[in-house]
Amino acid sequence: MEMLPPEIALPLTMVRIVAGTECLEPHTLPFLQGRVALFSVQAPGKTTGNEDAAALISMDRQNGLIVVADGLGGHADGALASRMAIDALVDATRDVVAGGGLREAVLRGIDAANQAIIALGNGAATTLAVTEISDAGMRTYHAGDSSILVTGQRGLLKQQTIQHSPIGHAVESGMLDEAGAMHAEERHIVSNVVGSPDMRVELGPLRRLATYDTVVMASDGLVDNLMVEEIIETVRKGPLESVARQLMANCLRAMQDGGHPDDLTVVLYRPSGR
C-alpha cells in the first residue's frame, strides 16, 4: 500500500494530512479507538489539481477530529484555502493539548481560518466539515456543502448534515427531492463558506456512536453523484477498506456516466475498527 502524505507530530498530538494529493486507493489506518479509510481523487478529466484536503487529528486515544475541506472550484487558490483551513485547526488543537476544550478549539480554528482566507484578498474560499470524536460521543461542525452522515449496520440513517446551499435547503424543506437536487442547475452554488465575512458554523448535537456505526465525511462530489440510500447500502457493513474501494468506484463511475465530475475526498470512520 502507498504511504500516506507526511505526518506532523505535535506534543501528545498526531496529525495526518491529505491536501492536493491523489490517494487513488483507499488507505486504512487505526484512529482513536476505531479505524478510518480515506481516499482523495481529482475529478475525471480535470487538469488543475485536486482542491480538496482532509486531516485526522488525535489528541489521545479517545479524542480527536476528522476534517474534510473542499476548496471552491473556479475561485482563486481553492487548494490553498482548503489547506489553510486544515492548518488553522491544527494550530487550534495545540491549545487543546495545553488544556483547552476541544469544542472551543474547533470554533476558534474555524474562525481563524475564515479571517486568514479573507485576508488573502483574492476571493478564495473553502467548505469545511469537522467531526469531533470523544469518549462522550461525536459532534459535527460544518460550513458549506461537504457532507457528514452516520449510518447503523442495518442501514438506519442516524444523522445527516444539511448542505449550506439553495439546493440543500430546498431538499431539507421538502421543496425538492434528492433526485431533483442531483440534476438541478444551481447545485454548484454554495451559500456559506469559510472565507466570507458572513460565514457561520452549524453545530450538530452530541451523539453516541454505536459500535458498528459508520461515519461518512465527504466533499460534495459524493452526494452530487450518488443517492444517500446507495451510499448507506455500500458502507453500512463489510470490511472498511472494501466498502471504501466500492464507494470510490461507484462514485467515479457515476461521474463518467453522465454525472457531475468533481474532486472527491471521503473519510469513513468506524468505532469498532472493522
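Preceding this section is the structure that the text describes.
Parameters at a glance
- Residues numbered from 1 in each chain as written.
- Predicted model: local features only at pLDDT ≥ 70, side-chain atom pairs only at ≥ 80, totals over all residues.
- Heavy atoms only, no water.
- Helix = DSSP H or I, 4+ residues; strand = E, 2+ residues; numbered from the N terminus.
- Expected span 1.5 Å × (residues − 1).
- Buried < 20%, exposed > 50% of the residue type's maximum accessible area, 1.4 Å probe, protein only.
- Pairing = 2+ DSSP bridges.
- Phe/Tyr/Trp six-rings, centres within 6.5 Å; stacked < 30°, edge-to-face > 60°.
- Salt bridge = Lys/Arg side-chain N within 4 Å of Asp/Glu carboxyl O.

Chemist: It is not clear to me how helix α2 (residues 102-120) should be interpreted in this structure. Could you clarify?
Modeler: Since the α-helix packs 3.6 residues into each turn, any two residues three or four apart lie on the same face. Here α2 spans 27 Å end to end across 19 residues, near enough to the 27 Å set by a 1.5 Å rise per residue. Along α2, the positions that sit buried rather than exposed are Leu102, Ala105, Val106, Gly109, Ile110, Ala113, Asn114 and Ile117. Backbone geometry just downstream of α2 places Gly121 in the positive-phi region, at approximately 70°.

Chemist: So what exactly am I meant to see when it comes to the pairing of strand β9 (residues 147-151) here?
Modeler: Remember that side chains alternate between the two faces of the sheet whenever the strand is regular. By the criterion of burial, β9 is predominantly enclosed, with five of the five residues buried. Here β9 shows no split at all, with Ser147, Leu149 and Thr151 on one side and Ile148 and Val150 on the other all buried. Both β9 and strand β12 (residues 214-218) contribute to a ladder of five bridges, which runs antiparallel. Along β12, the bridge assignment pairs Ile148 with Met217.

Chemist: I keep staring at the packing of aromatic side chains and nothing clicks. Help me out?
Modeler: How two aromatic rings sit relative to each other is set out by the distance from centre to centre and by the angle between their planes. If you walk through the whole model with that rule in mind, you get one aromatic pair. When the centroid spacing of 6.3 Å and the interplanar angle of 85° are considered together, the rings of Phe31 and Tyr269 count as edge-to-face. On the criterion of sequence distance, the pair formed by Phe31 in strand β3 (residues 23-31) and Tyr269 in strand β13 (residues 264-270) is long-range, its members being 238 residues apart. In this structure Phe31 comes out as buried when scored by relative accessible area, which is 5%.

Chemist: Sorry if this is basic, but what is going on with the pattern of salt bridges here?
Modeler: Working definition: two side chains of opposite charge can pair if their charged atoms are close together. A complete count under the given rule lists eight salt bridges for this structure. With its nearest N and O atoms 3.2 Å apart, the salt bridge here joins Glu51 to Lys46. Ionic contacts of the salt-bridge type, sharing partners, join the residues Glu25, Glu241 and Arg245 into one network.

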